[in-house]
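Summary of structural features
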Amino acid sequence: MKHFLFLFLDGVGLGEDDPQTNPFARAAMPALQHLLDGKRLVRDDAPLQGGRATLLALDANLGVSGLPQSATGQATLINGKNVPAAIGNHYGPKPNPQVAEIVSTDNLFKTLNRRGLSAAFLNAFPPGYFEGIASGRRLYGTLALAASRAGVPLRTMEDLQQGQAVSADFNGAGLRERLGLKDVPLISFDEAGRRLARLAAAHDFSLFEYWLTDYAGHSQDMQAACRLLEEFDQALAGLLAEWDDDQGLVLLVSDHGNLEDLSTRRHTANPVPCLVIGAPHLRQPFAAGLNDLTDIAPAILRFFS
């Protein structure tokens, strides 16, 4: 049985190797640098073929004018079609009716389910999220919409307490401090990464959405951005320690640039990273021919063929 973990990073591009504007050129990220043979996640270091990982640069602009946005970028990743071209523009952050229709009609979760494969969305969502959706005050994000339309359940605080989900910030502190959910268990970032690996091993395909990177990019706070990336790196270290490379792949990919250039609050037109982790006999065929966001969903489906 092969496993695939889609670790989605919102708003991460490949930027200049400039520690004044790019936190990826500044933050201490030993786990990621080890994967990249001492290199950093910056534009000049892609493409790169390492012992455990392959780094590629993907086009997120897709031939459409304007800066890439979350809804259409994520829809392209999960659907495989050039969604900005289909609707005539980049759109976000949440899906408009056109994007929602495309994602609801066909997406990676639905296709995998039709093939008899198990799929999971590993984020834990707080009660207020479900209340907002039910009342109409809140819209699903693109990836959560895709999962829900495929009948893949969104996980709850109860799942988190039972170790069957992971908080969006990995350790659960944000749920306690920002939402006042004091019964949320706090775990280390390392353990959060290990939990992701264990949960993914129970399914054919799993997705985890890390959206804090996009928020950090819009905030333009270098110190906070570096702290966030260092926390992410600790979670990545735990994931890598637990993951069996011969049993599957981990894919880190984004929808548009943002965090890599803190000189602007806006998104960027930079390429986005595509980091594929796993044994060479699985990783190299998967990475072959990946050029832009439309290539990701078809490559995942080929992985399971």
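A brief report on the enclosed structure follows. (Residues numbered from 1 in each chain as written. Predicted model: local features only at pLDDT ≥ 70, side-chain atom pairs only at ≥ 80, totals over all residues. Heavy atoms only, no water.)

**A look at the overall build of the protein**
Scanning the protein from N- to C-terminus turns up 14 helices and 7 strands. Since a compact globule built from 305 residues should have a radius of gyration of about 19 Å, the 18 Å found for the protein is in line with a globular shape. When the backbone C-alpha atoms are referred to their principal axes, the protein occupies close to 45 × 40 × 40 Å. The burial tally for the protein puts 58% of its 305 residues in the buried class. A total accessible area of about 12100 Å² is found for the protein, and carbon and sulfur atoms account for 50% of it. Within the protein, the 34 negative side-chain charges are centred at a point lying 4 Å from the centre of the 26 positive side-chain charges. (Helix = DSSP H or I, 4+ residues; strand = E, 2+ residues; numbered from the N terminus. Rg over C-alpha atoms; globule rule 2.2 N^0.38 Å. Buried < 20%, exposed > 50% of the residue type's maximum accessible area, 1.4 Å probe, protein only. Areas by Shrake-Rupley, 256 points an atom, 1.4 Å probe, with all protein chains shown as cover. Lys, Arg positive; Asp, Glu negative; His and termini not counted. Charge placed at Lys NZ, Arg CZ, Asp CG, Glu CD.)

**Here we look at the packing of aromatic side chains**
Taken as a whole and judged by the stated rule, the model has 17 aromatic pairs. Ring geometry for phenylalanine 4 and phenylalanine 303: centres 5.4 Å apart, planes at 65°, overall edge-to-face. Here phenylalanine 4, found in strand 1 (residues 3-9), pairs with phenylalanine 303, found in helix 14 (residues 296-303); they are 299 residues apart in sequence, far enough to count as distant. A residue is classified by how much of its surface remains accessible, and phenylalanine 4, at 0% relative accessible area, is buried. Aromatic pair phenylalanine 109 and phenylalanine 121: ring centres 6.4 Å apart, planes at 25°, arrangement stacked. On the criterion of sequence distance, the pair formed by phenylalanine 109 in helix 5 (residues 108-114) and phenylalanine 121 in strand 4 (residues 119-121) is long-range, its members being 12 residues apart. Within the aromatic cluster, the residues linked to one another by ring pairs are Phe4, Phe6, Phe109, Phe121, Phe125, Tyr129, Phe130, Tyr140, Phe205, Phe286, Phe303 and Phe304. A cation over a ring is seen here: lysine 2 above phenylalanine 303, with NZ or CZ 4.2 Å from the ring centre. (Phe/Tyr/Trp six-rings, centres within 6.5 Å; stacked < 30°, edge-to-face > 60°. Lys NZ or Arg CZ within 6 Å of the ring centre and 35° of its normal.)

**Regarding the pattern of salt bridges**
All told, the structure shown has 8 salt bridges when counted by the stated rule. A salt bridge links arginine 114 to aspartate 106, with the shortest nitrogen-to-oxygen separation between them at 3.5 Å. On the basis of relative accessible area, aspartate 106 is assigned to the partly exposed category, the value being 22%. Note that arginine 194 is salt-bridged to glutamate 242, the shortest N-O span being 3.2 Å. (Salt bridge = Lys/Arg side-chain N within 4 Å of Asp/Glu carboxyl O.)

**Observations concerning the layout of surface pockets**
With a probe scaled to a water molecule rolled over the atoms, the places where space remains empty come into view. The volume enclosed by the largest pocket comes to roughly 1400 Å³. Every residue lining the largest pocket is counted, 48 residues in all, and those nearest its centre are Ala168, Arg178, Trp211, Leu212 and Tyr215. At the level of elements, helix 2 (70-79), helix 6 (127-135), helix 7 (142-149), helix 9 (173-177), strand 5 (205-210), helix 11 (212-219) and helix 12 (222-242) are the ones that each hand at least two residues to the lining of the largest pocket. (1 Å grid on protein atoms, 1.4 Å probe; cavity = no way out; pocket = protein on both sides within 12 Å on 5 of 7 lines; lining within 4 Å. Points joined across faces, edges and corners; volume = space filled by probe spheres on them.)

**Topic: the nonpolar core**
Phe6, Phe109 and Phe205 are the most contacted members of the largest nonpolar core, which has 52 residues in total. No other element matches the 6 residues that helix 14 contributes to this core. Discounting residues that sit within four places of it in the chain, phenylalanine 109 has contacts with Ile78, Ala119, Ala120, Phe121, Leu143, Ala146, Ala147, Ala150, Val152, Phe205 and Leu207. By size, the runner-up hydrophobic cluster in this structure holds 48 residues, among which are Val12, Leu199, Ala216 and Ala225. (Core = buried A, V, L, I, M, F, W, Y, C linked by side-chain atoms within 4.5 Å. Contact = heavy atoms within 4.5 Å.)

**Regarding unusual backbone geometry**
The step from alanine 46 to proline 47 runs through a cis peptide bond, and the omega angle for that step is 5°. Residue placement: proline 47 occurs in the loop between helix 1 (30-35) and strand 2 (48-49). In this structure, proline 93 follows glycine 92 across a cis peptide bond, with omega equal to 10°. Here proline 93 is to be found in the loop between helix 3 (83-87) and helix 4 (97-105). Even without being a glycine, aspartate 37 presents a positive backbone phi close to 55°. On the basis of relative accessible area, aspartate 37 is assigned to the exposed category, the value being 52%.

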